[in-house]
Amino acid sequence: LAKGLVEYLDVNEENDSLIALYERDIVPGFTTHLEIEPFTLLGVCAGLIPYPHHNQSPRNTYQCAMGKQAMGTIGLNQKNRIDTLMYNLVYPMRPMVKSRTIELINFEEMPAGQNAIVAVMSYSGYDIEDAIILNRASLDRGYARCLVYRNSKTTMKRYANQTADRILGPLVDPSTKKPIWKHDVLDLDGIASPGLQVETKQVLVNKSMPTVTRDPIDGSGNAGQREVEYQDTPGSYKGALPAYIEKVMVSSNADDFYLIKLLLRQTRRPELGDKFSSRHGQKGVTGLIVQQEDMPFNHEGICPDMIMNPHGFPSRMTVGKLMELIGGKAGVLEGKFHYGTAFGGSKVDDICDELVKNGYNYQGKDILTSGITGEPLEAYIYQGPVYYQKLKHMVVDKMHGRARGPRAILTRQPTEGRSREGGLRLGEMERDCLIAY
């Protein structure tokens, strides 16, 4: 920059400059500038996509939105953080087909996905309309397994009339001499113990607050004269599945309030309805989880982790995904990474030569044997590794139903929303469905 070798051009300067994209495009005496690298046109999200110049443009836009929802590694300090919500992948991987941007932003040090062996074929009808089929054995081995951390906060306030919130120890059942079920996870100090499993409606912090907080307790302003009445305001756990208490942090702030933070952890394995996406805007939910013995396999006994419906390709025109698959397959066989950098990357012809060299079909197709009938499948199946992201939308967090429950006082109508255990609204179209049925 100081010597003027690298120059930033303004939009207005571009009008009367002649910029060459590559050195071969330079016209002596006319060209004023040479672009450093064409792929720098793309930002971080688009730079992660392999072969984006072979995709229909809206698909790249979709991936730019979904890449932010992918689970992965959020930082090297993720074990020390207490975030409101944090999603982590248990076994993240480096992508087999990478781009120069990935190296520039150090994505491989903190990845957000896994290389799945994908077979592109129809299977069972549970893969209609973007649904995908997963191999149960792959899930048992930890594919797409994730950790969900959420926190629970409690503050201990001090009030104007010299009273303050307090925490009591667990209530003990007189007959068994053990804490009651609601207080099972509480330690003697009234705060949940790290490492224990907590179920829904169990108490995390056994807090109680004084009933009178505004005016002094007696006329003279001495709080110690009369007994203070307390009412229980416990902080309890709400969630469909049990969680584990990872750690408890007790601190205080300037106003002499105590702050208690609990970090809760859940380990989740993929389930029907969980959302996945490759790096080409090809999103899909799990439609079926199949035993490995029912999955097709090739001559080496390799079983796919995932089966993707071929009808997702023709109208979407995500050729980049087809190229990523064949590049990943050749890379696995050769023990190296291929590049899918925008406006460049490894050439398909070279990749095909590598496949042939390793005894595979140059098209990336395999002869698969059906796991159900034991006969060879009638068609060659395009199969290989594709970098898949597990997105943060999981069916556990969205599942909701209600028969009876809370109502709004004013209108006596059911409350709204999943968090308030609300009702499900039936509109005119839903009514039509019921009538038709």
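Everything quoted here is computed from the prediction, not taken from an experiment.

## Let's talk about the overall build of the protein
Moving on, step 1. In terms of regular secondary structure, the protein is built from nine helices and 23 strands.
Moving on, step 2. With respect to the principal axes defined by its C-alpha atoms, the protein has extents near 95 × 70 × 50 Å.
Moving on, step 3. Sequence-distant contacts in the protein: of pairs separated by 6 or more residues, those separated by 24 or more amount to 67%.
Moving on, step 4. Taken as a whole, the protein presents about 25,400 Å² of accessible surface, with 54% of it coming from carbon and sulfur.
Moving on, step 5. Within the protein, the 52 negative side-chain charges are centred at a point lying 7 Å from the centre of the 51 positive side-chain charges.

## What to know about the pairing of strand β13 (residues 207-210)
It is a general feature of regular strands that their side chains alternate between the two faces of the sheet.
Moving on, step 1. Looking at chain direction, strand β8 (residues 166-167) and β13 are connected through two bridges and run antiparallel. Bridging from a neighbouring strand, R166 pairs with S208 of β13.
Moving on, step 2. As judged from the three bridges shared by β13 and strand β14 (residues 230-232), these two strands associate in the antiparallel manner. Looking across to β14, one finds that S208 is bridged to D232.

## Re the sheet that holds strand β3 (residues 85-89)
Moving on, step 1. Read from one edge to the other, the open sheet built from five strands follows the order β3-β7-β17-β16-β11, with strand pairing classed as antiparallel. Pairing within the sheet leaves two strands with one partner each, and these edge strands are β3 and β11 (197-198).
Moving on, step 2. Taken together, the 11 bridges between strand β7 (residues 146-156) and strand β17 (residues 258-268) define a ladder with antiparallel strand orientation. Each bridged residue has a counterpart across the sheet, and for Y149 the counterpart in β17 is R265.

## Observations concerning the environment of Y123
Moving on, step 1. When you line up the elements, Y123 lands in the loop between β5 (114-120) and β6 (132-135).
Moving on, step 2. Beyond its immediate stretch of four places on either side in the chain, Y123 contacts I133, V290, D294, M295, P296, I307 and I372.
Moving on, step 3. For Y123, the side chain forms a polar contact with the main-chain oxygen of D294, separated by 2.7 Å.

## Some thoughts on helix α7 (residues 348-357)
Moving on, step 1. Residues of α7 that are buried include every one of I351, C352, E354 and L355, and no others. Projected down its long axis, α7 carries its buried residues within an arc of 160°, all on one side. When the buried face of α7 is taken as reference, the exposed residues oriented beyond 90 degrees from it are D349, D353 and K357.
Moving on, step 2. Along its buried surface, α7 packs onto α6 (319-334) and β21 (338-339).
Moving on, step 3. Just past α7, the residue G359 takes up positive phi, approximately 80°.

## A few points about α6
Residue pairs three or four apart in sequence face the same way in an α-helix, which turns once every 3.6 residues.
Moving on, step 1. Between the first and last C-alpha of α6 there are 23 Å, a value that for 16 residues agrees with the 22 Å anticipated at 1.5 Å per step.
Moving on, step 2. All buried positions along α6 are accounted for by G320, K321, M323, E324, L325, I326, G327, G328, K329, A330 and G331.
Moving on, step 3. Two residues or fewer after α6 comes G335, characterised by a positive phi angle close to 70°.

## Thoughts on the nonpolar core
Moving on, step 1. Among the nonpolar cores identified, the biggest contains 26 residues, and V118, L134, Y143, F276, M306, I326 and Y388 are the most heavily contacted of them.
Moving on, step 2. When residues of this core are traced back to their parent elements, those giving at least two are β5, β6, β20 (306-308), α6, α7 and β23 (381-390).
Moving on, step 3. Examining the composition of this core, we find that four residues originate from one element, α6, more than from any other.
Moving on, step 4. Judged by nonpolar contacts, the second largest core, of 13 residues, contains A192, V198, L204 and L264.

## Examining the sheet that holds β8
Moving on, step 1. With antiparallel pairing, the three strands of this open sheet are ordered in space as β8-β13-β14. At either end of the open sheet lies a strand with only one pairing partner, and these are β8 and β14.

## Section: a nonpolar patch on the surface
Moving on, step 1. Residues L1, L5, V6, Y8 and I36 make up a contiguous nonpolar surface patch of roughly 660 Å² in combined accessible area.
Moving on, step 2. The residue V6 is located in the segment before α1 (11-14) in this model.
Moving on, step 3. Look at V6 and you get partly exposed, because its relative accessible area is 39%.

## Observations concerning the side chain of N309
Moving on, step 1. If you trace the backbone, N309 turns up in the loop between β20 and α6.
Moving on, step 2. Polar side-chain contacts of N309 include one of 2.5 Å to the side chain of H311.
Moving on, step 3. Apart from residues no more than four positions distant in its own chain, N309 is found in contact with M121, S122, D127 and I128.

## Remarks on the packing of aromatic side chains
Moving on, step 1. Going through the model one piece at a time under the given rule, you end up with two aromatic pairs.
Moving on, step 2. Here F107 and Y387 contribute two aromatic rings whose centre-to-centre distance is 6.4 Å and whose plane-to-plane angle is 80°, an arrangement assigned as edge-to-face. Of this pair, F107 sits in the loop between α4 (100-104) and β5 while Y387 sits in strand β23; the two residues are 280 residues apart in sequence, bridging distant segments of the chain. Considered together, F107 and Y387 belong to a single accessibility category, that of buried residues.
Moving on, step 3. Consider the rings of Y143 and F276, whose centres lie 6.4 Å apart with planes at 5°: the pair is stacked.

Analysis parameters
Residues numbered from 1 in each chain as written. Predicted model: local features only at pLDDT ≥ 70, side-chain atom pairs only at ≥ 80, totals over all residues. Heavy atoms only, no water. Helix = DSSP H or I, 4+ residues; strand = E, 2+ residues; numbered from the N terminus. Contact = heavy atoms within 4.5 Å. Areas by Shrake-Rupley, 256 points an atom, 1.4 Å probe, with all protein chains shown as cover. Lys, Arg positive; Asp, Glu negative; His and termini not counted. Charge placed at Lys NZ, Arg CZ, Asp CG, Glu CD. Pairing = 2+ DSSP bridges. Polar contact = N/O pair within 3.5 Å; in protein donor to acceptor, adjacent residues only side chain to side chain. Buried < 20%, exposed > 50% of the residue type's maximum accessible area, 1.4 Å probe, protein only. Arc of directions from axis to C-beta. Expected span 1.5 Å × (residues − 1). Core = buried A, V, L, I, M, F, W, Y, C linked by side-chain atoms within 4.5 Å. Patch = residues over 30% accessible without salt bridge, like charges linked within 9 Å, V, L, I, M, F, W, Y side chains within 5 Å. Salt bridge = Lys/Arg side-chain N within 4 Å of Asp/Glu carboxyl O. Phe/Tyr/Trp six-rings, centres within 6.5 Å; stacked < 30°, edge-to-face > 60°.

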